[in-house]
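Summary of the model geometry
Listed below are the residues making up each chain.
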Amino acid sequence: MQHIFSVIATVLAFGLTLVTVLSGPVRGETPTLAIIPPWEDADQMLARVGLTRIGPLRAPFGTLVDTRSEADLIALSHAGVWFVLDGSKIAQLCGIENV
């Protein structure tokens, strides 16, 4: 039982650290990772606000979005996106530079 609590504490600590690093201020003129509820159709949601998805794949909760301004970030928020992260930071984690 004590081992389970240690594992849970470690996972939470790592997860919170990762979220803290990635959740800095998001600029509108960079790729943005939009965390979208899984029951929503991401393409329809993005089409409603006039934005497009970057890349052919979508994760269960998120997709990279081509945003051009802070108004796009606000539109995503009003459309029902849970939150947004700086897509360039995500790309750096994957070893992609100059995004």
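These notes cover the structure that comes with them. (Residues numbered from 1 in each chain as written. Predicted model: local features only at pLDDT ≥ 70, side-chain atom pairs only at ≥ 80, totals over all residues. Heavy atoms only, no water.)

1. Description of the side chain of Thr 67
- By the element assignment, Thr 67 lies in the loop between strand S2 (62-66) and helix H3 (70-79).
- Side-chain polar atoms of Thr 67 contact the side chain of Thr 32, separated by 2.8 Å. (Helix = DSSP H or I, 4+ residues; strand = E, 2+ residues; numbered from the N terminus. Polar contact = N/O pair within 3.5 Å; in protein donor to acceptor, adjacent residues only side chain to side chain.)

2. Things to note about the pairing of strand S1 (residues 31-35)
- The buried fraction of S1 amounts to five of the five residues, a majority that puts the element mostly inside the structure.
- Neither face of S1 is open: one carries Pro 31, Leu 33 and Ile 35, the other Thr 32 and Ala 34, and all of them are buried.
- One ladder, built from four bridges, connects S1 with strand S3 (residues 83-86); its direction is antiparallel. Looking at S3, one finds that Leu 33 is bridged to Leu 85. (Buried < 20%, exposed > 50% of the residue type's maximum accessible area, 1.4 Å probe, protein only. Pairing = 2+ DSSP bridges.)

3. Thoughts on the environment of Asp 72
- Structurally, Asp 72 is set in helix H3.
- In this structure, the C-alpha to C-alpha distance between Asp 72 and Leu 51, residues 21 residues apart in sequence, is 7.8 Å.
- Ignoring any residue separated from it by four or fewer positions in sequence, one finds Asp 72 in contact with Leu 51 and Thr 67.
- For Asp 72, the side chain forms a polar contact with the main-chain nitrogen of Arg 68, separated by 2.7 Å. (Contact = heavy atoms within 4.5 Å.)

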